[in-house]
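Descriptive analysis of the structure
Next come the chains, spelled out residue by residue.
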Amino acid sequence: MIEAKNTGQRRRLLRPARRQRRGRMYFESRVLPWLLLLPALVVIFGLILYPVVRTLWLSFTDAGLASLVSGQMDFVGLRNYADIFSDPELRMTFVRTALFGFACVAGTMALGLSAALLLNQKFRGRVVLGVLVLLPWAVPAVAASIVWKWMFDDQYGIINWALSSVGLSMFKGFPWFNDWLPAFVAVGIVVVWQSFPFVALMLLAGFQAIPQEVLEAAKSDGAGAFQRLRHVTLPMLKPLVLVLIVISTIWDFKIFDQIYVMTGGGPAHSTEVISVATWREAFTQLDFGMGSALAILLFVVLALVTIIYIRLIREEELG
Amino acid sequence: MRRSFAASLGLYAGAVALGAFSVFPFLWMVITSVKGSQEIFTRTPVFVPHSPTLGRYAQVLGGEFARALLNSVIVATGTTVLGVSVAVLAGYSLARFRLPLRRYLLMLILSTQMFPLVALIIPLFIVMRTLGLLNTYPGLILAYLSFTVPLAAWMMRGFFQSIPPELEDAAMVDGATRMGAFLRVVLPVAGPGVAATSIYAFIVAWNEFLIALTFISDEQMRTLPVALQSFIGRESTDWGAIMAASVIFTLPVIAFFLLVHKRLTRGMAAGALKG
């Protein structure tokens, strides 16, 4: 009797508490997640998606200096895009970006793979080398560009000195930045120098994840070191290698700092890739419309690469 | 299995070459910065300075460069505090709740990493100009959130996922609210992850060049990379001073980087490979 009364009382006492708890549960499962996410969504929509859409819109206008002052700009349809494709100079920018980008990716992958293979061996000093190799990754792009530009100096640069003292006398006083090809080689070396550590580190982690038995089995079947790499290791790491190639492609297609600091796009725009051309059109020529059109084209190229990237991740997730 | 002598030789030669290639440019930066002026412009490079001097560091830190250093510290710190706060909350939400559209949100966050900054910078410039935020710290910090928040949120999500949910379940059974459990139980455990993410955010903000170059025209407001870049354009380039400035610019990054690179690469690898 007393018990029953107690239970009834407790139930009556509990009801508001339970309702309150239900309210809290609703808040915690439905409202709180979005509340926590809200600031990040504001950043993503306000500082990334809005600007991209706005850039797209600007690319159909003739926005320029006047538009900054008065907001005055006219819709010009696809004229900026037509101008880009009819201008041989700007058309070349795309070819250049692709060639330079892919050359950097090839260099990065080759050096990254070599470094990973080396670090996968057992030898004294391996741990030290593993740390040293990370260094280029940690050097800021602008600082790296500056020190390499000094090393590539025609008169006092250490690279010309080294090359000419091993007998390549053509490099005595060789001006690296007077022509597009040597200039691109110099910039490309800096880009590869900065990006191979990441690739090496990821590949090394991949190597170490391969079960030792598989390699042993291949060895007992008579496969040499190179054959094991070619027919066992690399095929097993194919998804990782693909992802690394795509990430590197994205990085190297939007390179700006190294080119801007080392060549400024010169001589005579001959090392200007899309990102540098975009910046020049927008902020030196103050042609925001044209700059936006170039930016959108770069964006489309990278979006295609990104779609491939996400596909690859999904495949890996499923596979 | 023993390696042949030739194989060992090849291995060590490769190791030495790789090590030298990786380290030499930074070493050369340091060596050049402590040389006397007459040892910098020589046909045959001087590898060991005859009388090393730290004078250039004093010169650089006493001059206009000091201001750039201060600007960089303020902007990078501001970006880190604001960006990581936003990213911690978002990362927790993404790690623990079954949100509708979560897949698409995650994909969106991941793909923003691929966006070229030049595709954002024109409208950002126009907006900042309208708001009068060009040549200001808040202008740069706001713009820097665009590339720090997504990856930082992604990394924090990974760190939170590695913490068992039973931890906050237990705290909530004991009467804590979700937020209370998050702040008092989960966050302290995620401390190392927060530290790694903060260092990541600091480094990318510290290194950023394109936006700073565009938004800052006032010499007093320049950050380090922009100040450095403006030095090499001058008539007679003072390479010794530039190298000293570059060392000051680079050292904190290297120190931070070596501190957290393991956690960082693990976080990024998880982000890159396990969508």
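So, about the overall build of chain A. The helix and strand tally for chain A stands at 15 helices and 0 strands. In terms of overall size, chain A is more extended than a compact globule, its C-alpha atoms giving a radius of gyration of 28 Å where 319 residues would be expected to give roughly 20 Å. Across its three principal directions, the C-alpha atoms of chain A cover 110 × 75 × 35 Å. Within chain A, contacts between residues separated by at least 24 positions form 66% of all contacts whose residues are at least 6 apart in sequence. As presented, chain A carries roughly 15,900 Å² of accessible surface, and 64% of it is formed by carbon and sulfur atoms.

Let us look at the side chain of Glu281 of chain A. As for its placement among the helices and strands, Glu281 of chain A is situated in helix H14 (residues 274-283). When neighbours within four sequence positions are excluded, Glu281 of chain A is seen to be in contact with Leu90, Leu286, Asp287, Met290, Gly291 and Leu294 of chain A.

Let's shift gears to the domain arrangement of chain B. Residue and element names in this part refer to chain B. Domain annotation for chain B reports domain 1 (1-53) and domain 2 (54-273). A separation of 32 Å is found between the C-alpha centroids of domain 1 and domain 2. On the domain 2 side, the residues contacting the 13 residues of domain 1 number 14 residues. There are 0 salt bridges connecting domain 1 and domain 2. Our enumeration of links across domain 1 and domain 2 arrives at 4 residue pairs in polar contact (both at pLDDT 80 or more). At the level of secondary structure, the elements contributing two or more residues to the side of domain 1 that touches domain 2 comprise helix H1 (5-34) and helix H2 (37-40).

Glancing now at the interface of chain A and chain B. Across the boundary between the two partners, chain A contributes 84 residues, which contact 91 residues of chain B. Here chain A meets chain B over a buried area of about 8,300 Å², counting both sides, of which 81% is carbon and sulfur. Ranking the residues of chain A by area buried against chain B places Leu36, Leu47 and Trp150 of chain A at the top, with a combined share of 9%. Summed over the shared surface of chain A and chain B, the result is 0 salt bridges. Taken together, chain A and chain B are joined by 8 residue pairs in polar contact (both at pLDDT 80 or more). If one sorts the elements of the side of chain A that touches chain B by residue count, helix H1 (residues 2-58) of chain A sits on top with 21 residues. Considered class by class, the residues forming the side of chain A that touches chain B number 65 nonpolar, 8 polar and 11 charged.

Here we take up the environment of Arg56 of chain B. Along the chain, Arg56 of chain B turns up in helix H3 (residues 55-62). The residues contacting Arg56 of chain B, other than those within four sequence positions of it, are Thr32, Ser33, Val34, Lys35, Gly36, Ser37, Ile40, Asp238, Gly240, Ala241 and Ala244 of chain B.

Calculation rules
Residues numbered from 1 in each chain as written. Chains lettered and ligands numbered in written order. Predicted model: local features only at pLDDT ≥ 70, side-chain atom pairs only at ≥ 80, totals over all residues. Heavy atoms only, no water. Helix = DSSP H or I, 4+ residues; strand = E, 2+ residues; numbered from the N terminus. Rg over C-alpha atoms; globule rule 2.2 N^0.38 Å. Contact = heavy atoms within 4.5 Å. Areas by Shrake-Rupley, 256 points an atom, 1.4 Å probe, with all protein chains shown as cover. Domains from an automatic or database assignment. Salt bridge = Lys/Arg side-chain N within 4 Å of Asp/Glu carboxyl O. Polar contact = N/O pair within 3.5 Å; in protein donor to acceptor, adjacent residues only side chain to side chain. Buried area = accessible area lost by both parts, 1.4 Å probe. Nonpolar A, V, L, I, M, F, W, Y, C, P; charged D, E, K, R; others polar.

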